[in-house]
Amino acid sequence: MDDPRTPVEPLERTLHTARALVLADLASGEVAAPDVVSMVEDSVVQRRWWVEQWPEGAAYVAGLVAQDVQDALLESHGRWPLCPVCGSGDPHALDVEPELGPDPHWVCHKAGVKVASVGSLGAATGGASTS
């Protein structure tokens, strides 16, 4: 059994953080069903391989996992997360910016505003459903 005092490797810390941030956003929109959590896990597995190949990309993992889950949800459940800023017009999803960079955040391109950092969507939406 692993010694609980053993420090967590940077790669594992990065992956756990990305998982936690995306799960927090999913939970804030009440869309963290088991099948959706499995999508997060699938993305984390894929991104583990990716960051093992390109360690300098570790800072980008949270944004990439968010994008992966967003893409998977689009195919199976529809757009997520829906924009909480625009009160009229057709519902539209937020986008992750930068697409490949550190400090990922959700933005509304229609309104041209940063809505929340990845992992903080609940604070921006008041914890209301964004699904």
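Predicted model only: the values in this text are computed from it and were never measured.

**Considering the overall build of the chain**
Turning to step 1, where the next piece is worked out: Across its full length, the chain carries four helices and three strands.
Turning to step 2, where the next piece is worked out: Helices and strands appear in the chain in the N-to-C order α-α-α-β-β-β-α.
Turning to step 3, where the next piece is worked out: When burial is assessed residue by residue, the chain has 37% of its 131 residues classed as buried.
Turning to step 4, where the next piece is worked out: Counting only contacts in the chain whose residues sit at least 6 apart along the sequence, the fraction spanning at least 24 positions is 51%.
Turning to step 5, where the next piece is worked out: Looking at the chain as shown, the accessible area adds up to about 7400 Å², and 54% of this sits on carbon and sulfur atoms.

**Focus: the pattern of salt bridges**
Turning to step 1, where the next piece is worked out: Tallying each qualifying case throughout the model produces three salt bridges.
Turning to step 2, where the next piece is worked out: Of the charged contacts in the structure, one is a salt bridge between Arg19 and Glu41, with a shortest N-O distance of 3.0 Å. A residue pair is termed long-range when its members are at least 10 positions apart, and Arg19 in helix α1 (residues 10-28) and Glu41 in helix α2 (residues 34-53) qualify at 22 residues.
Turning to step 3, where the next piece is worked out: In this structure, Arg47 engages Asp68 in a salt bridge whose closest nitrogen and oxygen atoms are separated by 2.8 Å. Residue Arg47 is found in helix α2, and its partner Asp68 is found in helix α3 (residues 61-76); the two are separated by 21 residues along the sequence.
Turning to step 4, where the next piece is worked out: On the basis of relative accessible area, Arg47 is assigned to the buried category, the value being 15%.

**Looking at unusual backbone geometry**
Excluding glycine, a negative phi dihedral is what most residues carry, and trans is how most peptide bonds are arranged.
Turning to step 1, where the next piece is worked out: Following Trp80, the chain continues to Pro81 via a peptide bond in cis, the omega torsion being -15°.
Turning to step 2, where the next piece is worked out: With respect to the element layout, Pro81 can be found in the loop between α3 and β1 (95-97).
Turning to step 3, where the next piece is worked out: Residue Pro98 is reached from Glu97 by a cis peptide bond, and omega for that bond is -10°.
Turning to step 4, where the next piece is worked out: As for its placement among the helices and strands, Pro98 is situated in the loop between β1 and β2 (105-108).
Turning to step 5, where the next piece is worked out: Positive phi, close to 55°, is recorded for Glu30, a residue that is not glycine.
Turning to step 6, where the next piece is worked out: Of note in this structure, Asp103 is not a glycine but carries a positive phi near 55°.

**Examining the side chain of Asp25**
Turning to step 1, where the next piece is worked out: On the secondary structure map, Asp25 appears in helix α1.
Turning to step 2, where the next piece is worked out: Buried charged residue Asp25 carries no salt bridge. Nearest counter-charge: Lys114, at 12 Å.
Turning to step 3, where the next piece is worked out: A polar contact of 2.8 Å, which involves the side chain of Asp25, links it to the backbone nitrogen of Gly119.
Turning to step 4, where the next piece is worked out: Engagement of the side chain of Asp25 in a polar contact is seen with the backbone nitrogen of Leu121, the distance being 2.8 Å.

**Focus on the packing of α1 against α2**
Turning to step 1, where the next piece is worked out: Across the interface, α1 lies against α2 with an axial gap of 10 Å and an inter-helix angle of 150°. It follows from the interaxial angle that α1 and α2 lie roughly antiparallel. In the crossing of α1 with α2, the sense of the turn from one axis to the other is right-handed. The segment α1 lies against α2, with Leu11, Glu12, Leu15, Arg19, Val22, Leu23 and Leu26 engaging Val36, Val37, Val40, Glu41, Val44, Arg47, Arg48, Val51 and Glu52.
Turning to step 2, where the next piece is worked out: Classifying every residue of the contact of α1 with α2 by side-chain character gives ten nonpolar, no polar and six charged.

**Some details on the side chain of Gln70**
Turning to step 1, where the next piece is worked out: Position of Gln70 among the secondary structure elements: in helix α3.
Turning to step 2, where the next piece is worked out: Looking at Gln70, its side chain comes within polar contact range of the main-chain oxygen of Leu94, at 2.6 Å.
Turning to step 3, where the next piece is worked out: Those residues in contact with Gln70 that lie beyond four places of it in its chain are Trp80, Pro81, Ala93, Leu94 and Trp106.

Thresholds, definitions, all that
Residues numbered from 1 in each chain as written. Predicted model: local features only at pLDDT ≥ 70, side-chain atom pairs only at ≥ 80, totals over all residues. Heavy atoms only, no water. Helix = DSSP H or I, 4+ residues; strand = E, 2+ residues; numbered from the N terminus. Buried < 20%, exposed > 50% of the residue type's maximum accessible area, 1.4 Å probe, protein only. Contact = heavy atoms within 4.5 Å. Areas by Shrake-Rupley, 256 points an atom, 1.4 Å probe, with all protein chains shown as cover. Salt bridge = Lys/Arg side-chain N within 4 Å of Asp/Glu carboxyl O. Lys, Arg positive; Asp, Glu negative; His and termini not counted. Polar contact = N/O pair within 3.5 Å; in protein donor to acceptor, adjacent residues only side chain to side chain. Axes fitted to C-alpha atoms, helices over the stretch in contact; angles between N-to-C directions. Parallel < 35°, antiparallel > 145°, perpendicular 65-115°, else oblique. Left-handed = near helix turned anticlockwise from the far one by under 90°. Nonpolar A, V, L, I, M, F, W, Y, C, P; charged D, E, K, R; others polar.

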